[in-house]
Amino acid sequence: QLVRTKAGRPAWGRILLLVLAVLLLLFLLLWLLAPGLASPARLVRFFRYMGLRDKEGYGVISYDGGAGAVYADLEGSLLVGTENGLTLYAMDGEQKALIQGSLPTPVLRTGGGRSLCFSPGSSYAAAVDSSGAVLLDEAFDGAFVDANISFDGCIAYLSTENGYKTVATVLNREQKPIYRYYSRTRYLNACAVSEDGALLAVASLEEQDSLFRSGVTFFRTDEEMADRETEQGSS
């Protein structure tokens, strides 16, 4: 039986509020259990492409590629890195972003709706987010060795600089440096960063008793950025 107001009419407003409250509760539960499925970007894409998925040609993207091109999914869009730059395409074929730059051997990294394209041995890097906004389009000090993006979009990268074996840098979501580690004694060859850029992990090749082995060191990035004369951190 429908709830009726004093005027004898059904309380449709109350029913609507109850339905909205139930839907909001279901969304919150889905977001907590599977945040990737309930992300705002995913919902926007669902409604944007809802009427296009059944059309002929949907998901067919034409572009000028190359032998060394690399590809990645970026929140439902196609990310293409080539020796000439970085391009982001929507699934309906629309070009959402284009950055032109020299990337002889492009490598793509994605995370948190953000991307990074770099070339090992080169100092240039380009980055866009899932909306097509340009985040990076510049040359850094030193040459890139490796890079990683956290689940929420923080960036860590390794580079070579004069006076050091390798330098590790962590950028926050605004692409501002929050931590830098200088290695004088070991070459670092891989890195990873946790959410919020709180922890930095670096891998290195070490020698012990005339044998080479891989080692991993973790650093807390809430320490003050400084030039470290000794290898600090916890393995």
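Please refer to the structure higher up on the page.
Description of the structure in this document. Worth saying up front: this structure is predicted, and the values here are computed from it rather than measured. (Residues numbered from 1 in each chain as written. Predicted model: local features only at pLDDT ≥ 70, side-chain atom pairs only at ≥ 80, totals over all residues. Heavy atoms only, no water.)

What follows concerns the packing of aromatic side chains. Applying the stated criterion across every chain, the model contains seven aromatic pairs. Ring centres of Y179 and F219 lie 6.5 Å apart, and the angle between their planes is 35°; this geometry places the pair in the tilted category. Taken together, the residues span a long stretch of sequence, with Y179 in strand β12 (residues 177–183) and F219 in strand β15 (residues 211–220) at a distance of 40 residues. We note that Y179, like F219, is buried. (Phe/Tyr/Trp six-rings, centres within 6.5 Å; stacked < 30°, edge-to-face > 60°. Helix = DSSP H or I, 4+ residues; strand = E, 2+ residues; numbered from the N terminus. Buried < 20%, exposed > 50% of the residue type's maximum accessible area, 1.4 Å probe, protein only.)

Bringing the pattern of salt bridges into the picture now. Using the criterion set out here, one finds two salt bridges in the structure. The partner of D146 in a salt bridge is R109, and the shortest N-O contact between them spans 3.1 Å. One end of the pair, D146, is in strand β9 (residues 143–149); the other, R109, is in strand β5 (residues 107–111), with 37 residues separating them in the sequence. A residue is classified by how much of its surface remains accessible, and D146, at 10% relative accessible area, is buried. Notably, a salt bridge pairs D222 with R220, separated by 2.4 Å at the nearest N-O pair. (Salt bridge = Lys/Arg side-chain N within 4 Å of Asp/Glu carboxyl O.)

This brings us to the side chain of T169. Among the secondary structure elements, T169 is positioned in strand β11 (residues 166–171). Side-chain polar atoms of T169 contact the side chain of R180, separated by 3.2 Å. If near-sequence neighbours (up to four positions away) are discounted, T169 is found in contact with I155, A156, Y157, P177, Y179 and R180. (Polar contact = N/O pair within 3.5 Å; in protein donor to acceptor, adjacent residues only side chain to side chain. Contact = heavy atoms within 4.5 Å.)

A few words on the pairing of strand β14 (residues 199–208). Looking along a regular strand, one sees the side chains alternate between the two faces of the sheet. Sheet analysis places strand β13 (residues 188–193) next to β14, joined by five bridges and oriented antiparallel. When the bridges of β14 are listed, L188 appears paired with S204. Joining the antiparallel neighbours β13 and β14 is a turn of five residues, in which D196 adopts a positive phi near 65°. In textbook terms, the turn of a hairpin is the stretch between consecutive antiparallel strands, and for β14 and β15 this stretch comprises two residues, one of which, D209, has a positive phi near 55°. (Pairing = 2+ DSSP bridges.)

Taken by themselves, the reported measurements are silent on function.
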